[in-house]
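# Architecture at a glance
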Amino acid sequence: MIRVSNIKLPLDHDEQAFTDAILTTLGITTEQLTTVEIRRRGYDARKKNTIFLIYTLDIDTTINEAVLEKHAGNQSIRLTPDMTYKFVAQAPTDLQERPLVIGFGPCGLLAGLVLAQMGYKPLIIERGKAVRDRTKDTFGFWREKKLNPESNVQFGEGGAGTFSDGKLSTQIKDPKQYGRKVLTEFVEAGAPEEIMYVSKPHIGTFRLVSMVEKMRAKIIEMGGEIRFSARVDDLHIEAGQVTGITLANGETIKSKHIALAIGHSARDTFQMLFDKNVYMEAKPFSVGFRIEHEQSLIDQARFGKNAGNPILGAADYKLVHHCKSGRSVYSFCMCPGGTVVAASSEEGRVVTNGMSQYSRQERNANSAIVVGIDPADYPGNPLAGIDLQRQLESNAYLMGGENYDAPAQKVGDFLKGGSSEALGTVKPSFKPGIKLTDLSKALPDFCIEAIREAIPEFNKKIKGFAKDDALLTGVETRTSSPVSIKRGHDMQSINTQGLYPAGEGAGYAGGIMSAAIDGIKIAEAIALSINEQQG
Ligand code: FAD
């Protein structure tokens, strides 16, 4: 096929305009055009009242060779690259050792799936519950303020992104088509087909739940096994080589190949790994608040008269401001038409995050507004960032009234200083509830100063962003892992052979897609190592 990129058409173009653009770009006739597949559809909304759609297409004609020859040297018209994912290994028929995967988030899910597809029959260990039971616990927490520290937004089948917006974008370079492999698996498990081509794909919470179940069934069908409510409490290491694990119930399991895909919130597990001398370093992360506006305000600011167009959907934004102090403030995990959620995994601590459904039809837009911090801000051992997170989350719990309500404040009051006494037009979506207060006491002073500088700057890009009634809720502390568990080129821990630190918790991913892709890379490394050791 021929890959044609940068076909630009008005937002409201019709079928004929689409076909005409192809014929003109390639210089062919209607009769010569046989197949058109949309590979990617993005939009250019720099001029909000004149929005263009930008297509990348895979096209078949009756004269492919001649067309390619005619456009040789044109980077926008070339042979479609091979996009199939290729397995790197096949398990030996006398497989002597089952690899272990710790954690069943996107990273562990794809690691387990790809290992199973190559015939390695992985055993996956997940501390939380299967996704249906986990959903009851999580929604129960939001309704009744009863936190289950082992089954919540962070822990359980599907990992941290299960109750999320399910955004699937990633910026990583991907010559081996790992991303396409992930999306293909997601579609087979029930994700909307459009995730294969829209520029900002998302799935939404409810679909993610059933997709995760289907992917689990697939792993089991191929000989894999998944244990829920099974927390890994100890790692066995002999002469620098990992040899197995002990679960919370005392059971031990042997393996010399262990994928460590524990996410960024397994603080007790980080401590255990640190105590075992697995090499790790403190890592930069970000802290801040969730901001909420009416979605209609964001739609209007981004899309002008095109607001509400179904092709565009609910508008998102991405903002960054470099402060005079040298700090950066940016928007993170923006959820159009979504809700702010309680993302605690430890008792007596409050953490915010965001989620949405596929339709993105809730009244408010929300996004984290966070300040980058680094180990110089939390000197000490590699776990010092966790201490800071805990301190901020405990403080937020106190400020919220010690009942899992989150401290909140109107933007106008936050910028002026002082407490908020009453809500304005933006109604909070956070469950279980919020307590209006003075959020300047929720973060270190340098963060407050940076956010106060950034919000008016963001208002220049999104008109109304700094409006008095917009709402801040806090605290947002789980933006990425506070530690990095270092691995070498062979994907193994630099001081513990056979341990494969992976995904967000180890510092190798930041989101569903990059975590899932890292899971595939780990599966490949484990498969190759097992084959080498078995000869
Ligand atoms: P995780 O998903 O955190 O999975 C780790 C798993 O390991 C967990 O299930 C945990 O229970 C398990 N585990 C931990 N310790 C142990 C142990 N000792 N024994 C056994 N099991 C253990 N990203 C996006 O790209 N798009 C979004 O829209 C998005 N929205 C989000 C919304 C929310 C509310 C949250 C919390 C996160 C969101 N993210 C989003 C981030 C995304 O979810 C993570 O980047 C991603 O899940 C990381 O994948 P992971 O597999 O590395 O880790």
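Cut-offs used in this document
Residues numbered from 1 in each chain as written. Predicted model: local features only at pLDDT ≥ 70, side-chain atom pairs only at ≥ 80, totals over all residues. Heavy atoms only, no water. Buried < 20%, exposed > 50% of the residue type's maximum accessible area, 1.4 Å probe, protein only. Helix = DSSP H or I, 4+ residues; strand = E, 2+ residues; numbered from the N terminus. Pairing = 2+ DSSP bridges. Axes fitted to C-alpha atoms, helices over the stretch in contact; angles between N-to-C directions. Parallel < 35°, antiparallel > 145°, perpendicular 65-115°, else oblique. Contact = heavy atoms within 4.5 Å. Nonpolar A, V, L, I, M, F, W, Y, C, P; charged D, E, K, R; others polar. Left-handed = near helix turned anticlockwise from the far one by under 90°. Domains from an automatic or database assignment. Buried area = accessible area lost by both parts, 1.4 Å probe. Salt bridge = Lys/Arg side-chain N within 4 Å of Asp/Glu carboxyl O. Polar contact = N/O pair within 3.5 Å; in protein donor to acceptor, adjacent residues only side chain to side chain. Near = heavy atom within 4 Å. Areas by Shrake-Rupley, 256 points an atom, 1.4 Å probe, with all protein chains shown as cover.

The name an unreviewed UniProt entry assigns to the protein chain is FAD-dependent protein C-terminal domain-containing protein, from the organism Amphritea japonica ATCC BAA-1530.

### Section: the pairing of strand β3 (residues 52-61)
In terms of residue burial, β3 counts as a mostly covered element, since 7 of its 10 residues are buried. Sheet topology places strand β1 (residues 2-10) next to β3; 7 bridges connect them, and they run antiparallel. Note on β3: the bridge partner recorded for Lys8 is Ile54.

### A closer look at the packing of helix α3 (residues 106-117) against helix α5 (residues 178-188)
Contact geometry for α3 and α5: axes closest at 12 Å, N-to-C directions at 90°. In this view, α3 runs roughly perpendicular relative to α5, as classed from their interaxial angle. Together, Leu110, Leu113, Val114 and Gln117 of α3 and Lys181, Val182, Glu185 and Phe186 of α5 make up the contact between the two elements. Looking at side-chain class alone, the contact of α3 with α5 contains 5 nonpolar, 1 polar and 2 charged residues.

### Brief notes about the packing of α3 against helix α12 (residues 512-534)
Where α3 meets α12, the closest approach of the two axes is 7 Å, and the angle between their N-to-C directions is 40°. As for the relative orientation of α3 and α12, their crossing is right-handed in sense. Each of Pro106, Cys107, Leu110, Ala111, Val114 and Leu115 in α3 lies in contact with α12, whose residues at this interface are Ile512, Ala515, Ala516, Asp518, Gly519, Ile520, Ala523, Ile526 and Ala527. Of the residues contributing to the contact of α3 with α12, the split by class is 13 nonpolar, 1 polar and 1 charged.

### Regarding the domain arrangement of the protein chain
The domain boundaries assigned to the protein chain delineate domain 1 (2-79), domain 2 (100-281 + 481-534) and domain 3 (284-476). Distance from the C-alpha centre of domain 1 to the C-alpha centre of domain 2: 38 Å. The interface of domain 1 with domain 2 comprises 6 residues on the first partner and 6 residues on the second. Roughly 570 Å² of surface becomes buried between domain 1 and domain 2 when both sides are summed, with 43% attributable to carbon and sulfur atoms. There are 0 salt bridges connecting domain 1 and domain 2. Inspection of the region where domain 1 meets domain 2 yields 2 residue pairs in polar contact (both at pLDDT 80 or more). Among the residues making up the side of domain 1 that touches domain 2, the classes are represented as 2 nonpolar, 1 polar and 3 charged.

### What about the site of the ligand?
The environment of the ligand is made up of 38 residues, and the closest members are Glu126, Ala160, Gly161, Glu504 and Ile512. Between the ligand and Cys107, the relevant distance is 2.9 Å, taken from an oxygen atom to a main-chain nitrogen or oxygen of the residue. Between the ligand and Ala160 there is a distance of 2.7 Å, counted from an oxygen atom to a backbone nitrogen or oxygen. Isolated, the ligand exposes 1000 Å² of accessible area, and the fraction of that covered by the protein chains is 96%. For the shell around the ligand, the secondary-structure elements that each account for two or more residues are α3, β17 (352-355) and α12. Here the shell around the ligand is built from residues that sort into 18 nonpolar, 14 polar and 6 charged.

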